[in-house]
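Observations on the three-dimensional arrangement
So you can see what is in the structure, the chains are spelled out below.
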Amino acid sequence: MSLHFNSGTDGLPAMGLYSTSPSPYDDSSLPAIAMMGDEGWGWAREAVVRVVWCAMVYRVSGGVCGRPSPLWWAVMAAVLPYWALPIALVLCCWWWKKVPRGADFLGLPDNVWYNLGKYKSNPPLVAGIVFGEGSVSKEDVELVLRARILSHDRFSHVLHSRRSAMPFFQKPNEIDMDYHLSYERFDGPNEEHFNDSVAEALSSHLDESKPLWQVRFFDNYVWKDGKPVGWALLVKAHHCLVDGIGFFQVAQIFDKDPFCPPGSPIKLDASAEDVTFANKTSKPRPKSIAAFLYVFFQLLLQLIALPDNTVLRVGPLSGRKNVAWRYLGTVDEIKSIGKQWGGTFNSIVLSCTTRGIGDAIEAVRPNSLASVKSVRVGFAGNLRPELKPGEVAWGNQIGVMFVDLPVSNEDLSSKNKILAKVVEKKKKGEALGNLLAHHISGLAPLQMFKLLMSAYFSKFSLCFTTISGPTSQFYFAGKKVMHTVGFVPSVGTAPIGVGITSHSGLVYASATVDSSRPVSPQVILDGICHEFSRYQQNPSKQH
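Let me sum up the structure you'll find in this document. Along each chain, residue indices are assigned from 1 in the same order as the chain's sequence is written. In view of the model being predicted, local features appear only for residues whose pLDDT reaches at least 70, and side-chain atom pairs are presented and counted only at 80 or more, with totals across whole chains, interfaces and linings using the full set of residues. Each side-chain value is derived from all of the structure's non-hydrogen atoms; neither hydrogens nor water enter the calculation.

With respect to the sheet that holds strand S14 (residues 475–476)
Just so we agree on the cut-off: Criterion used throughout: strands pair if DSSP finds at least two bridges between them. Put simply, DSSP H or I for four residues or longer makes a helix, DSSP E for two residues or longer makes a strand, and each gets a number counted from the N terminus.
A sheet is described by the order of its strands in space; here six strands give the open sequence S7-S8-S9-S4-S15-S14, paired in mixed fashion. The outermost strands of the open sheet, each flanked by one partner alone, are strand S7 (181–185) and S14. Here strand S4 (residues 125–133) runs beside strand S15 (residues 479–487); their pairing, made up of six bridges, is antiparallel. Note on S15: the bridge partner recorded for Ala-127 is Phe-487.

Here it is as structure tokens:
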């Protein structure tokens, strides 16, 4: 069929897919339904024909780009000319043969994280350590993992990537638990070996021929008075499966009941606390054209931001991580201090991180901090929609905000207020805009994706996030969980990651630094803790 112009009744040119005047084109090749009816039914015939094509293509292919979407096919049927629709049908049939029916596909933001795994120096991992009391056998650990983690398809299926389709999950022939679970029992305190094991785990990529997760269990890790009193559980998964806050909710290996058998399904009551935890992760989405335009404008500002050329970014990355973590305080204490200083929980921990990064710059290049106005951090904020208790939410729903840390500012009050104002403003627009960019980037071919990410990662020097876990007491295989520590992946070309994790009301700070940088993560944590003590010891500086 050909698209041509005809004259409207008022003498002005009008464009239509069919002309009511005699046409030099032969319409005999059109579908019969398109030739039915008299003048005035052209658009109705057009709609019927295109709906039929839409239904045929959608029915045969089952969807494209991973997720069947009637809206996607409606747009295609409305835009493509007739001659292109059969071609689309053939292509989709060919594509469908390469993908198992009913396959679970990665979402577009998840595909971004999957492609970030191509950066060999920075594996995109969701990782954390769980510390608990008592002793747990390897058999009980495996029973918990099989009942809790392998019950989810994304943790029991292998991710396949083919050029003709988005990455999709497929059930393997068997699960190699020897790969997914390593168990080690200490005969005495061995902090150095444990730290090396954590650093090695965060530095190594996962085997893509297997489900993308691993667990390392260290029994008798905690010692007191010459006796073993506790254990540690290191969990890591590919970021394309789920983000940090989602990992707490989805891959839930804890119980509220200490008498729950290790191999039983999870028992989480739909209590008021669960409802609060689910709903506090929700963030507003733009609901008007003006709000959407504001989000889009904030995205443009982020895209045109200049590179963050600091001494922390000088030189290539080695791919080997140095890690450290430390107790910071309680959630209530940090929130209280935030209110006293006219800020929030996030502004206080960001202000403390500012001091830690300033100390890192001094370690890299002494006596240079005065000349550094700010260091830009990529602050990953949670943007998950409202969840119901027990609802499973896979994938990544995070948006990155660019926050300039005033590393040379020593005034506690002004620094805290500046950061509080900036974060509050940016999370309403820039974070949502970044999530939109993740959807767009997920469609890009790999080579184009690498070019986009190279420009994007040059805009900040470190990754930062806060992860809020459950506040009540939990148990693992019947043993009490004391606290957890989460790690932030320093993705792309960013050399440093700083994470703030809360669980059961306790807050821990963690730092990961590429070994090519002449600075220890302990230096960053020393600065964070020192700045927090300044906020604690100076109540007279209240707003």
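Topic: unusual backbone geometry
If a residue is not glycine, its phi is most likely negative; likewise, a peptide bond is most likely trans. Of note, the phi angle at Ala-477 is positive, near 50°, even though the residue is not glycine. Note on placement: Ala-477 falls in the loop between S14 and S15. For Ser-504, which is not glycine, the phi torsion reads 55° and is therefore positive. If you trace the backbone, Ser-504 turns up in the loop between strand S16 (496–503) and strand S17 (506–514).

A word on helix H8 (residues 191–203)
The condition is simple: Expected span of a helix: the number of residues minus one, times 1.5 Å. Whether a residue is buried, partly exposed or exposed follows from its accessible area with a 1.4 Å probe, protein chains only, as a fraction of its type maximum: under 20%, in between, or over 50%, in that order.
Given a rise of 1.5 Å per residue, 13 residues ought to cover 18 Å, and the 18 Å separating the end C-alpha atoms of H8 matches this to within 8%. For H8, the full list of buried residues reads Phe-194, Ser-197, Val-198, Ala-199, Ala-201, Leu-202 and Ser-203.

Points about the nonpolar core
This is how the line gets drawn: Among the buried residues, those of types Ala, Val, Leu, Ile, Met, Phe, Trp, Tyr and Cys that are joined through side-chain atoms within 4.5 Å form a nonpolar core. The contact criterion used throughout is that any non-hydrogen atoms of two residues lie within 4.5 Å.
Leu-116, Trp-213, Leu-233 and Phe-476 are the most contacted members of the largest nonpolar core, which has 55 residues in total. Within the residue set of this core, elements represented by two or more residues are helix H4 (108–116), S4, helix H5 (138–148), helix H7 (177–180), strand S8 (213–224), strand S9 (227–238), strand S12 (398–405) and helix H16 (446–457). Dropping the residues within four chain positions of it, Phe-476 is found in contact with Val-136, Val-141, Val-144, Phe-217, Trp-231, Leu-233, Ile-253, Phe-254 and Val-481. Counting 48 residues, the second largest nonpolar core, distinct from the first, contains Val-311, Ile-337, Leu-405 and Val-498.

Brief notes about the packing of H4 against helix H15 (residues 430–441)
Stated formally: Only the stretch in contact is used when fitting a helix axis, every axis being a line fitted to C-alpha atoms; angles between N-to-C directions are given from 0 to 180 degrees. An angle below 35 degrees is read as roughly parallel, one above 145 as roughly antiparallel, one from 65 to 115 as roughly perpendicular, and any other as oblique. Lys, Arg, Asp and Glu make up the charged group, whereas Ala, Val, Leu, Ile, Met, Phe, Trp, Tyr, Cys and Pro make up the nonpolar group; the residues left over, Gly among them, are polar.
Two elements in contact, H4 and H15, have axes whose closest approach is 7 Å; the angle formed by their N-to-C orientations is 75°. Put simply, H4 runs roughly perpendicular to H15. Of the residues in H15, those in contact with Leu-108, Pro-109, Val-112 and Trp-113 of H4 are Leu-435, His-438, His-439 and Ser-441. Across the contact of H4 with H15, the residue classes tally to five nonpolar, three polar and no charged.

Observations regarding empty space enclosed by the protein
The gaps of empty space that remain are located by a probe, the size of a water molecule, rolled over the atoms. This is how it is decided: Both site types are read off a 1 Å grid over the protein atoms alone. A 1.4 Å probe that fits but cannot get out defines a cavity, while an open set with protein on both sides within 12 Å along at least five of seven lines defines a pocket; lining residues have an atom within 4 Å of a point. Grid points are joined across faces, edges and corners, and a volume is the space filled by probe spheres set on the points.
In total, this model carries one cavity of 30 Å³ or more according to the counting rule given. For the largest cavity, the calculated volume is near 90 Å³. Contributing to the lining of the largest cavity are Pro-123, Leu-125, Ala-127, Leu-202, Lys-321, Phe-487, Val-488, Pro-489, Ser-490 and Thr-512. Grouping the amino acids of the lining of the largest cavity by side-chain chemistry returns seven nonpolar, two polar and one charged.

Some thoughts on the pattern of salt bridges
Once the charged atoms of two side chains with opposite charge are near each other, the side chains can pair. The following threshold applies: Any carboxyl oxygen of Asp or Glu that lies within 4 Å of a side-chain nitrogen of Lys or Arg is treated as forming a salt bridge with it.
Using the criterion set out here, one finds 12 salt bridges in the structure. Two residues, Arg-216 and Glu-200, come together in a salt bridge whose shortest N-O distance is 2.6 Å. Of this pair, Arg-216 sits in strand S8 while Glu-200 is found in helix H8, placing the two residues 16 residues apart along the sequence. The shortest N-O distance in the salt bridge between Arg-534 and Glu-410 comes to 3.4 Å. Placement of the pair is Arg-534 in helix H17 (residues 521–537) and Glu-410 in the loop between S12 and helix H14 (412–426), with a sequence separation of 124 residues. Overall, the relative accessible area of 41% leaves Glu-410 in the partly exposed class. Residues joined in a network through salt bridges with shared partners are Arg-355, Asp-359, Glu-410, Lys-415, Glu-531 and Arg-534.

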